[in-house]
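# Chains, contacts and geometry: an overview
Spelled out from the first residue to the last, the chains are:
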Amino acid sequence: MEVSLLIARSLEQTIDQIIRDNQELQKLLGNSFDPIIRAADPKFGDFQINGILPLAKQLGLNPRALAMTLLEAIESSQQIHKHYLTFEIAGPGFINIRLNKSLLSEWIRIHHSENVFKNETKHWFKTQKTVIDFPSANTAKQAHIGHLRPMVIGEAIARMLEFCGTKLIRDNHIGDWGTNFGTLIMVLKRNKIDISKFEDPEKALIQIDRLYKEGSHLEKMDPSLRDTSRNELLLLQKGDPTNIQLWQSIVQISNQAFDHLFEQLGVRTDYTLGESFYRDKVDRIYQELSELGIAEESEGALVVWHDEVKKFSRDNKQPFPFNIRKKDGASNYASTDLATVLYRLEHFDAESVIYLTDSRQQDHFQQLFLTTNKWFSQKGYSVPELKHVWWGTILGSDNKPFKTKSGETIKLQALIDEAVERAYSVVSQKNPNLEEEEKQKIAHAVGIGALKYADLSSNRTQDYVFDWDRMLSFEGNTAPYLLYVIARINSIFKKANRQEQSIHTDTSFSIETEYEQTLARKFIQFPIALEQALSDLRPHFLCTYLFELAGTFNSFYNHEKVIHEDMEIQTRRIILCHRTQLILELGLTILGIDTVEHM
RNA sequence: GGGGGCGUAGCUCAGUUGGAUAGAGCAACGGUUUUCUAAACCGUAGGUCACAGGUUCGAGCCCUGUCGCCCCUGCCA
């Protein structure tokens, strides 16, 4: 068998092959047997075969006897080298597998750089072409705390997919064609404000925010202004040059302000195709869906019923159709989302589309996917795999959506600034001797890293409680705890005068002590964690793993001296330090978190 | 009414097709430093997995019911 990155999979394949080569065994187990090798509790082994138990139940056999039969076949096979692996039947019929020191050492020797990892992971997704729809920024409004999760989770998922070989297109589907532009244009004209004179896009956006509030207030005071606003919107939609120009300026200011946030949070986008981009592409949607009989008129609107799903059925007590064109003839986000999915198929050849939004839009996407599937398959278009990745709310300590003390929405920039400030005060306190410039650099990485990591480390479908002190703590499952391990390892390297070459060991070595082995066994679980995070696009699996790795390292560090008079011991421990750092840095990079050399 | 999510230690959270004695971190208590960053480590204590049934060799996980919290539910996105 192959000493691959994902050694559990190559083990699985080998065992599969052994079964296929053994007619008696195959007859006994049937074609459906799946060894399903997975990470075991360290006290039992590195991996575990659990598939025997359900199969024995199904066949009415004694599970231990069945396990024994399989084990005998495995052990007599030439494909498994006995000095590499130890098998053991335990409990009701589990098969525990432990990698022996030589295999463990060999795995570590081979996997010495990010490129080695990447060369294997890049095949996982077979260059599937995927469009990821995030972070779907809005326009003419400052970003607030609600924009944190799409940026953070979206970027992490995008990087995970890219690392594993997906050909990814990041499409920022902005909301740039809303009714609020009527009000804004009305106010701009009324106050004779030339927004092209604004230089700083962030300040300009604050100004626009304020103007919109002023506009809404004015409309309340003088309802005739509502007609003015409506008329401005109509002019805009008809392509009036003045209004188009005003609209473009506002969108540009918004995008520049968002770009600045993206830069701070390490978010990358490839395209920014907003709702306005699809405004001339919705008629085809109405036409195709009507012709196919998928869409029909209802209460003046154009809707799609999905009678096969109870809650979307027209027989439901409270009917809930997919409304794709409003009764006034205007498009809505169902129309533009349908136009968008078609565009992604025709222009990006998307084989898969991933949408990132909060949990409240689940019904919308369910309807969108049902509609797209019917529409595309009836038209003979290829149907991409559609996924909705959603998340819960960020809560305050009162278990209600996180707000400022006065009950207002927290601006995203304010959140970032506070994270960096708090990190700065922690860094200054812990290490006052650092140069000012260095402190700020570290504060930036630690603050933003902590903010992002807090968002990624809990299961995304769950709400989570926001807590500054907890996320910036150096204890527990936090970014600072992980970053600190990287810094410590650098410190060891510095002390050891490590030469770059010494870690690329061509010669073999053998890990020995209990703490060395525990750490080494943790390394081989990395690809499993990555695979698990990818399988359901949940980055927290990777976070949990990195936290455990960091803890395992800290335990090793506290029990074993790395810098040692015996050079053989020092060399292998330096290698263990290096691999720890490699996996931590790689894992954090995949999550979108920057690391620092020292703290 | 319908739908989605959730309920696990005092608090914040994990728990991978059902699998071995339900795990972390914080807080509490006790220990470890002439030693590579103690921003760390080691240990103690802490549980009726909301409740009640069911399925089975085995349930935090699956099924049924009940209670409680959050969110969505026709033209905002």
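Residues numbered from 1 in each chain as written. Chains lettered and ligands numbered in written order. Predicted model: local features only at pLDDT ≥ 70, side-chain atom pairs only at ≥ 80, totals over all residues. Heavy atoms only, no water.

### Concerning the packing of aromatic side chains
All chains considered together, the criterion is met by 22 aromatic pairs. Members of the aromatic cluster, connected to one another through ring pairs, are Tyr 271, Phe 277, Tyr 278, Tyr 343 and Phe 348. Over the aromatic face of Trp 177 sits the side chain of Arg 279, whose NZ or CZ is 4.5 Å from the ring centroid. Positioned above the aromatic ring of Phe 277 is the side chain of Lys 281, whose terminal nitrogen or guanidinium carbon lies 4.1 Å from the ring centre. (Phe/Tyr/Trp six-rings, centres within 6.5 Å; stacked < 30°, edge-to-face > 60°. Lys NZ or Arg CZ within 6 Å of the ring centre and 35° of its normal.)

### Quick notes on the layout of surface pockets
The computed volume of the second largest pocket comes to approximately 570 Å³. As for the second largest pocket, its lining consists of 21 residues, of which Phe 402, Lys 403, Thr 404, Lys 405 and Ile 410 are closest to the centre. Of all the elements, helix H15 (residues 412-430) adds the most residues to the lining of the second largest pocket, at 4 residues. Residues that form the lining of the second largest pocket fall into these classes: 8 nonpolar, 4 polar and 9 charged. (1 Å grid on protein atoms, 1.4 Å probe; cavity = no way out; pocket = protein on both sides within 12 Å on 5 of 7 lines; lining within 4 Å. Points joined across faces, edges and corners; volume = space filled by probe spheres on them. Helix = DSSP H or I, 4+ residues; strand = E, 2+ residues; numbered from the N terminus. Nonpolar A, V, L, I, M, F, W, Y, C, P; charged D, E, K, R; others polar.)

### Remarks on the sheet that holds strand S9 (residues 322-325)
Across the sheet, which stays open at both edges, the 3 strands sit in the order S7-S8-S9 with antiparallel pairing between neighbours. Unpaired on one side and paired on the other, strand S7 (295-298) and S9 mark the two borders of the sheet. Strand after strand, the sheet turns through a mean of 45° between neighbouring axes, direction not considered. When S7 meets strand S8 (residues 301-304), the two strands line up antiparallel, connected through 4 bridges. Directly across from Ala 295, in S8, lies its bridge partner Val 304. Relative to the sheet, helix H12 (residues 282-291) contacts S7, S8 and S9, its axis offset from that of S9 by approximately 125°. (Pairing = 2+ DSSP bridges. Axes fitted to C-alpha atoms, helices over the stretch in contact; angles between N-to-C directions. Contact = heavy atoms within 4.5 Å.)

### Some thoughts on the sheet that holds strand S1 (residues 37-39)
Strand order in the open sheet formed by 4 strands is S1-S2-S4-S3, with antiparallel pairing between adjacent strands. In this open sheet, the two strands that pair with only one neighbour each are S1 and strand S3 (85-90). Within the sheet, the average angular offset between the axes of one strand and its neighbour, ignoring direction, is 30°. With 3 bridges connecting them, strand S2 (residues 47-49) and strand S4 (residues 94-99) associate as antiparallel partners. Looking across to S4, one finds that Ile 49 is bridged to Ile 95. Sitting on the sheet, helix H1 (residues 7-21) is in contact with S1, S2, S3 and S4, with an inclination near 155° to S1.

### Observations concerning the environment of Leu 265
Its location among the elements puts Leu 265 in helix H11 (residues 241-265). In this structure the C-alpha to C-alpha distance between Leu 265 and Ile 174, which are 91 residues apart in sequence, comes to 18 Å. In contact with Leu 265, not counting residues within four places along its chain, are Leu 148, Met 151, Leu 412, Ile 416, Ile 448 and Lys 452.

### Focus: the domain arrangement of chain A
How big an interface is tends to be stated in terms of accessible area lost as the parts join. The assigned domain composition of chain A is domain 1 (7-99), domain 2 (180-270) and domain 3 (412-591). The straight-line distance from the C-alpha centre of domain 2 to that of domain 3 is 44 Å. Tallying the contact residues gives 5 residues for domain 2 and 5 residues for domain 3. For the pair domain 2 and domain 3, the summed buried surface comes to about 530 Å²; carbon and sulfur atoms form 61% of the total. Broken down residue by residue, the surface that domain 2 buries against domain 3 is led by Leu 261, Gln 264 and Leu 265, which jointly contribute 91%. At the junction of domain 2 with domain 3, the criterion picks out 0 salt bridges. Taken together, domain 2 and domain 3 are joined by 2 residue pairs in polar contact (both at pLDDT 80 or more). For the side of domain 2 that touches domain 3, the element with the most residues is H11, which contributes 4 residues. (Domains from an automatic or database assignment. Buried area = accessible area lost by both parts, 1.4 Å probe. Salt bridge = Lys/Arg side-chain N within 4 Å of Asp/Glu carboxyl O. Polar contact = N/O pair within 3.5 Å; in protein donor to acceptor, adjacent residues only side chain to side chain.)

### Here we look at the protein's contact with RNA strand B
Taken together, the neighbourhood of RNA strand B is formed by 68 residues, with Gln 48, Glu 275, Lys 326, Phe 474 and Tyr 484 sitting nearest. In this structure, Asn 96 approaches RNA strand B through a side-chain N or O atom, which is 2.6 Å from a base nitrogen. Take Ser 555: an N or O atom from its side chain is 3.3 Å from a phosphate oxygen of RNA strand B. For the surface near RNA strand B, the elements supplying multiple residues, two or more each, are helix H3 (52-59), S4, S8, helix H14 (362-379), strand S13 (464-465), helix H18 (479-496) and helix H21 (540-559). If one sorts the elements of the surface near RNA strand B by residue count, H21 sits on top with 9 residues. (Near = heavy atom within 4 Å.)

### Some remarks on the packing of helix H10 (residues 224-238) against H11
Helix-helix packing is described using two parameters, namely the angle between the two axes and the distance between the axes. At a minimum axis separation of 8 Å, H10 and H11 run at an interaxial angle of 90°. Taken together, H10 and H11 sit at an angle that is classed as roughly perpendicular. Contacts between H10 and H11 involve Glu 232, Leu 235 and Leu 236 on the former and, on the latter, Asn 243, Ile 244 and Trp 247. By residue class, the composition of the contact of H10 with H11 is 4 nonpolar, 1 polar and 1 charged. (Parallel < 35°, antiparallel > 145°, perpendicular 65-115°, else oblique.)

### A short note on the state of the cysteines
Applying the stated rule across the entire model yields 0 disulfides. Counting only cysteine sulfurs, Cys 543 is the nearest neighbor of Cys 164, a cysteine outside any disulfide, at a range of 15 Å. (Disulfide = S-S within 2.5 Å.)

### Points about H15
The terminal C-alpha atoms of H15 lie 27 Å apart, and with 19 residues this matches the ideal 27 Å at 1.5 Å per residue to within 8%. Among the residues making up H15, those that are buried are Leu 412, Gln 413, Leu 415, Ile 416, Ala 419, Val 420, Ala 423, Val 426, Val 427 and Ser 428. On the buried face of H15, the contacting elements are helix H7 (148-163), helix H9 (201-221), H11, helix H16 (436-456) and helix H17 (468-471). (Expected span 1.5 Å × (residues − 1). Buried < 20%, exposed > 50% of the residue type's maximum accessible area, 1.4 Å probe, protein only.)

### Some words on the side chain of Asp 455
Summarising the element assignment, Asp 455 is placed in helix H16. When sequence neighbours within four positions are dropped, the list of residues in contact with Asp 455 reads Leu 148, Arg 149, Val 152, Ile 153, Ile 394 and Tyr 464.

### Digging into a nonpolar patch on the surface
Together, Leu 28, Leu 59 and Leu 61 line one region of the surface with nonpolar side chains, adding up to about 220 Å² of accessible area. Mapped onto the fold, Leu 61 is located in the loop between H3 and helix H4 (63-76). (Patch = residues over 30% accessible without salt bridge, like charges linked within 9 Å, V, L, I, M, F, W, Y side chains within 5 Å. Areas by Shrake-Rupley, 256 points an atom, 1.4 Å probe, with all protein chains shown as cover.)

### A short note on the nonpolar core
Ranked by internal contacts, the top residues of the largest apolar core, which has 160 residues, are Phe 47 and Leu 415. Counting 32 residues, the second largest nonpolar core, distinct from the first, contains Ile 285, Val 304, Phe 348 and Val 353. (Core = buried A, V, L, I, M, F, W, Y, C linked by side-chain atoms within 4.5 Å.)

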